[in-house]
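If you want the building blocks of each chain, they are given just below.
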Amino acid sequence: MPEGWPFAARDDDLVAAQKALDQRGVVVLGGPAGVGKSRLAREIAARADGGTVLGIVRATESAREIPLGAFVDILSGIAPTLSSPDLTHVRDAVAALGGDGGRGLLVVDDAHLLDEVSATVVHQLATGQRARIVLTVRTGEPAPDAVTALWKDGAAARLELAAFDRDQTFAVLVAELGGGLEASTARRLHDSARGNVLWLRHLVEGERAAGRLRQDRGSWVWQGAVTLSPMLADLVAARIGSLTDDQRRVLDLLAVTEPLGLGMLEELASPRAIEEVAERGLVTVEPDGARWEVRLGHPLYGESVRARTSPLRTRRLRSELSAALSRTGTRRAGDSLRRAVLDLGSDRPLDPDDLLEASVQASALRDLGLAERLLRAAVAAGGGFTARLGLAHLLDYEMRSDEADAVLAEAAALTPTATERERAVVLRALARHFQADPPRSGEDLLAAEEAEHHDGRRNPAFDALRAMFAGSAGRVDEAIELAEAVAADDTRPLQSVSLAGFVLGLTYALSGRGTDVAGVVERGIEAARHPETAAVAGNIGYMEILDADLRGRPELARRRLEWIRDLVGPQAPPFVALYEGRTALSAGLPRAAIRALESALPAFPGHGGGWGGWSAALIAQAHGMLGDAAAARAAVEEAERRRHPHIPVVDFEYDLARAWAAAAAGNVREAIERCRSSADRCRALGVHAAEVLLRQTGVRFGDRSQVGRLGALARTLGTPRARLAATHARALVAADAPTLLEVAARLEEAGMGLEAADAAGQSAAAARAAGNAVLAAEAEERSRALAGTGEDARTPAVLEAELPVALSSREREVAVLAGEGLTNRQIADRLHVSVRTVESHVYRACSRLGLSDRTALVAVAGARRTVP
């Protein structure tokens, strides 16, 4: 990490370096420039145990010609002349630095730049065990023989530090900035610095000072293009160094667009110059299938080159590159998109059809800003009705309804055909119903259209739209019937097929009916490759993640998760975060789920087309699993504020959020009742996979009334979640501790870690009640381990497993609420009982736990609710 930033994301490296230092006495930290070698070395010095820090010195190129130049600040009494260093000076320096019995610590930064005399001193200190030494060296740079001999001869351990990966970048940014980090911002900052934490620091500080990186509702958001601050520009320019005209042309071409095929680049630039810049690490040349591709060695090289290139030169280069791509016939995937983008800023004429096709590709990559540029260019180039409708769809998707209305007004002025008018109605109705904030009725608009143009009769062209309305409202049977008919009709337009794919993905996942949800989703995504639906592919793909969760088959989510992660556009990260958040929650990783989902929320303001409230509800569930009642309540309030009124089919998620918030606050009975009532509503709607999740959650809370219904659902659906939930419910009712522990093992194997922790916790309680102390101890240990794997979850069953003496459920509720600091009157109001009843429960709980009074109960219960 850069100087002044908190030490983060290098804990494993720190431990490894400290261990090597203890074992060998000398450790060398290697790695490319900017990866945090110096910061790690200073952290080792700051945490040194015993002995003194002799000094932290940095070798420099300018001091390399001066004997002992690196040590001038800590060896002021030894000053050899430039031409007369001898063995005496070396001995004196070793004696001065090694006088602490070998316990002193010396840090030498950039040791590859040491002068020969200083290097000899370091070698003598190391091999003579006169001091403990930490060296940093830049990988690939020549170093004095006395330095390289340390690790080559085995006197020193050498550890290589790699550039930061995305998780490490995220960790150090959160540590420095504080607060949340919006998903797109996290990816852009990592991709821009590409793991070089020194450059990351200057980038962050420059963008923060310019106001482009700022906090928005608790999350840091970066808007605008990458701009190099003067200091960062100097650092990058120094790394690039001086260039010949031929070398600069290579970088100029790649700064306009990359990657370029090696063959094409050799046609446009000097092959020798390409080799030269590759040898200097300014570009990379790597195989990609049958050809070799050339890229800039670092993203900021492109920013530096573009900043120094005139607009006229850039325009000419774009024209050259576009012409070169035309000659190749745009054979590779993405070539047509790249050519269209190049044409936008060149002297070449624009083809509206090419621009429309390119906009679809850009949307598929989740680069909606680029898609908008291409669509506006297509409109300007004469793209007509289709270009305007595609642009309106994109603007609606980004919740820019006023701009979309203006574009549609332009489209209406073109005197559309009946088919074109119907396409516009679909687009407008979807926007009103789902994207507008506050939403308006799309069904009313549809009814008005059919009344005016079809004498009130149903127009089959709107069946996919009707299915969308029905599915989101929870009219599942109607939605599936309509959507299946559309999907089976080869004459339907792609726009309708893609909407049908979304509806079927959603309703199949929630109902548990579909046998091939992945196939349905894939067909929907393929059909979405159209200007009027291209932006919704990410929405469709999410249904595969939802289905995997509700089935209890987390492995089914991997393919779609990899797909969304491969999308490189700037609008991809929020959807990556949505997918990862749900996957993490399904896997029993509530903290990871919270991090991911909170990073996505800024991209979905207000109801966010339904994503805002749904994601906040999942965040509330995660906080409830961690036992954080206050955070869970706050997230529930946020979810309710953002709830979309036209998508009640996912209301069960909000019910689960309230149930988990109640459980975290100690009111388990309320949590069970919420699960029961919501499950009954799901049963009425026919969303039986969601019903299973609710009833299973109730069983985890201790509900013993679910055996019959879960058994029926297990027989009907046959999913792993349904079958395991039914077995869990039977074992709970029977207080069968061994079976509960076996269920825990099966749940863990199925990838449902927190469900397994709860089953093990209930096994511990059942075994304890039966007097089986050995099994109780085994089950409690298993529950604790699973909860720890689940990021220290604190569910009611996990807490129950930890109680040394079994309490009744009501005594446990009272104890937990007392631990939260509530008075007896407040507990009575919360549980709807009398104060005297609360006092009786407090007395019995204290007696069972061997506590002297209520104060002791508060201390014990409060301590047991503390998250490690």
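## A few points about the nonpolar core
Point 1. Core analysis: the biggest nonpolar cluster contains 133 residues, and Tyr542, Leu546, Leu578, Phe652 and Phe701 have the highest contact counts within it.
Point 2. Not counting residues up to four positions away in its chain, the partners in contact with leucine 546 are Leu506, Ala509, Leu510, Arg582 and Trp614.
Point 3. The next biggest cluster of nonpolar side chains, apart from the first, holds 50 residues, and it includes Leu173, Leu254, Leu262 and Tyr301.

## Here's the deal with a positive patch on the surface
Point 1. Positive charge collects at one region of the surface, where Arg715, Arg723, Arg730 and Arg746 lie side by side.
Point 2. With respect to the helices and strands, arginine 746 occurs in helix 37 (residues 737-749).

## Some details on the pattern of salt bridges
Point 1. Under the counting rule described, the total for this entry stands at 74 salt bridges.
Point 2. Arginine 428 is the salt-bridge partner of aspartate 396, the closest N and O atoms lying 2.7 Å from each other. Separated by 32 residues along the polypeptide, aspartate 396 in helix 18 (residues 384-397) and arginine 428 in helix 20 (residues 418-435) bring together distant segments of the chain.
Point 3. Residue aspartate 396 is classed as buried on the basis of its relative accessible area of 2%.
Point 4. Take arginine 428: its relative accessible area is 11%, and that puts it in the buried class.
Point 5. We note a salt bridge from arginine 529 to glutamate 526, for which the minimum N-O separation is 3.6 Å.
Point 6. For glutamate 526, a relative accessible area of 39% puts it in the partly exposed group.

## Quick word on the sheet that holds strand 3 (residues 105-109)
Point 1. Read across the sheet, 5 strands follow the order 2-3-4-1-5 without closing on themselves; strand pairing throughout is parallel. The open sheet has two edge strands, strand 2 (53-58) and strand 5 (157-160), and neither has a second partner. For this sheet, the mean inter-axis angle between neighbouring strands, taken without regard to orientation, is 15°.
Point 2. Pairing geometry for strand 1 (residues 26-31) and strand 4 (residues 132-138), over 6 bridges, is parallel. The partner of valine 26 across the bridge, within strand 4, is isoleucine 133.
Point 3. The sheet strands contacting helix 4 (residues 116-127) are strand 1, strand 3 and strand 4, and the helix crosses strand 4 at an angle near 135°.

## Quick word on the pairing of strand 10 (residues 283-288)
Point 1. As paired strands, strand 10 and strand 11 (residues 291-296) are joined by 6 bridges and run antiparallel to one another. Looking across to strand 11, one finds that aspartate 288 is bridged to arginine 291.
Point 2. Once strand 10 ends, the chain turns through 2 residues before running back antiparallel as strand 11, passing glycine 289 with a positive phi of about 70°.

## Here we look at the pairing of strand 8 (residues 219-222)
When a strand is regular, its side chains alternate between the sheet's two faces.
Point 1. Here strand 8 shows no split at all, with Ser219 and Val221 on one side and Trp220 and Trp222 on the other all buried.
Point 2. Both strand 7 (residues 213-216) and strand 8 contribute to a ladder of 4 bridges, which runs antiparallel. From the neighbouring strand, glutamine 215 faces strand 8, where its bridge partner is tryptophan 220.
Point 3. Between strand 7 and strand 8, which follow one another and run antiparallel, lie 2 residues, and arginine 217 among them has a positive phi close to 55°.

## Structural notes on the packing of aromatic side chains
Point 1. Here the structure, examined in full by the defined rule, presents 10 aromatic pairs.
Point 2. Where tryptophan 199 meets tyrosine 301, the ring centres are 6.2 Å apart and the plane angle is 65°; that geometry is what we call edge-to-face. Of the two residues, tryptophan 199 sits in helix 8 (residues 197-209) while tyrosine 301 sits in helix 13 (residues 299-307), which places them 102 residues apart along the sequence. Here tryptophan 199 matches tyrosine 301 in class, with each residue buried.

## Observations regarding the side chain of glutamine 696
Point 1. Relative to the assigned elements, glutamine 696 resides in helix 34 (residues 688-701).
Point 2. For glutamine 696, a relative accessible area of 2% corresponds to the buried category.
Point 3. Residues within four places of glutamine 696 in sequence aside, it is in contact with Arg721, Ala725, Leu747, Met752 and Glu755.

## Observations regarding the packing of helix 6 (residues 166-177) against helix 7 (residues 183-193)
Point 1. Where helix 6 meets helix 7, the axes come as close as 10 Å, and the angle between the chain directions of the two elements is 110°. By the angle between their axes, helix 6 is roughly perpendicular relative to helix 7. As for how helix 6 packs across helix 7, the hand of that crossing is right-handed. On the side of helix 6, the interface is formed by Arg166, Thr169, Phe170 and Leu173, while helix 7 contributes Ala186, Arg187, Leu189, His190 and Asp191.
Point 2. Partitioning the contact of helix 6 with helix 7 into residue classes produces 4 nonpolar, 2 polar and 3 charged.

## Considerations on the confidence of the model for the chain
Point 1. Across the chain, the average pLDDT comes to 89, with 95% of residues at or above 70.
Point 2. When the elements of the chain are averaged for pLDDT, helix 44 (residues 854-864) gives the smallest value, 61, and helix 34 the largest, 98.
Point 3. Scored below 50 in pLDDT, residues 862-868 makes 21 contacts in the model with residues more than four places away or belonging to other chains.

## Quick notes on a negative patch on the surface
Point 1. A surface patch of like charges, here negative, comprises Asp351, Asp353, Asp354 and Glu357.
Point 2. Position of aspartate 353 relative to the elements: it lies in helix 16 (residues 352-364).
Point 3. For aspartate 353, a relative accessible area of 56% corresponds to the exposed category.

## As for helix 41 (residues 809-819)
Given 3.6 residues per helical turn, the α-helix brings residues three or four places apart onto the same face.
Point 1. A large share of helix 41 lies buried, amounting to 9 of its 11 residues.
Point 2. Along helix 41, the residues that are buried comprise Arg810, Glu811, Arg812, Glu813, Val814, Ala815, Val816, Leu817 and Ala818.
Point 3. In the stretch just after helix 41, glycine 821 is the one whose phi turns positive, near 100°.

Criteria and thresholds
- Along each chain, residue indices are assigned from 1 in the same order as the chain's sequence is written.
- Only residues with pLDDT of 70 or above have their local features reported here, since the model is predicted, and side-chain atom pairs are shown and tallied only from 80 upward, although totals for entire chains, interfaces and linings are computed over all residues.
- The basis for the side-chain values is all heavy atoms of the structure; hydrogens and waters are excluded.
- Within this scheme, the nonpolar core is defined by two criteria: the residues are buried Ala, Val, Leu, Ile, Met, Phe, Trp, Tyr or Cys, and they are joined through side-chain atoms within 4.5 Å.
- Three labels apply to residues, based on accessible area from a 1.4 Å probe with only protein chains included: buried if under 20% of the type maximum, exposed if over 50%, partly exposed otherwise in between.
- In what follows, a contact means two residues having at least one pair of non-hydrogen atoms within 4.5 Å.
- Patch construction takes residues with relative accessible area above 30% that form no salt bridge. Like charges are linked within 9 Å, and nonpolar side chains (Val, Leu, Ile, Met, Phe, Trp, Tyr) are linked within 5 Å.
- For the area figures, the Shrake-Rupley method with a 1.4 Å probe applies, and any residue is considered shielded solely by the protein chains shown.
- Salt-bridge detection follows one rule: a side-chain nitrogen of Lys or Arg within 4 Å of a carboxyl oxygen of Asp or Glu.
- Positive residues here are Lys and Arg, negative ones are Asp and Glu, while His and the chain termini are left out of the count.
- Here the site of a charge means NZ on Lys, CZ on Arg, CG on Asp, or CD on Glu.
- A run of H or I in DSSP counts as a helix once it spans at least four residues, and a run of E counts as a strand once it spans at least two, with each numbered from the N terminus.
- Should DSSP find at least two bridges between two strands, the strands are taken to pair.
- Lines fitted to C-alpha atoms define the axes here, with helix axes fitted over just the stretch in contact, and angles between the N-to-C directions of these axes take values from 0 to 180 degrees.
- Ring geometry is summarised as follows: Phe, Tyr and Trp rings, the Trp one being its six-membered ring, pair when their centres sit within 6.5 Å, and such pairs are stacked at plane angles under 30 degrees, edge-to-face over 60 and tilted between the two.
- Angle categories: roughly parallel below 35 degrees, roughly antiparallel above 145, roughly perpendicular from 65 to 115, and oblique for all the rest.
- Here a crossing is taken to be left-handed if its near helix is turned anticlockwise relative to the far helix by less than a right angle, and right-handed if that turn runs clockwise.
- The residue classification treats Ala, Val, Leu, Ile, Met, Phe, Trp, Tyr, Cys and Pro as nonpolar and Asp, Glu, Lys and Arg as charged. All others, Gly included, are polar.
- Confidence scores labelled pLDDT are given residue by residue by the predictor and lie between 0 and 100.

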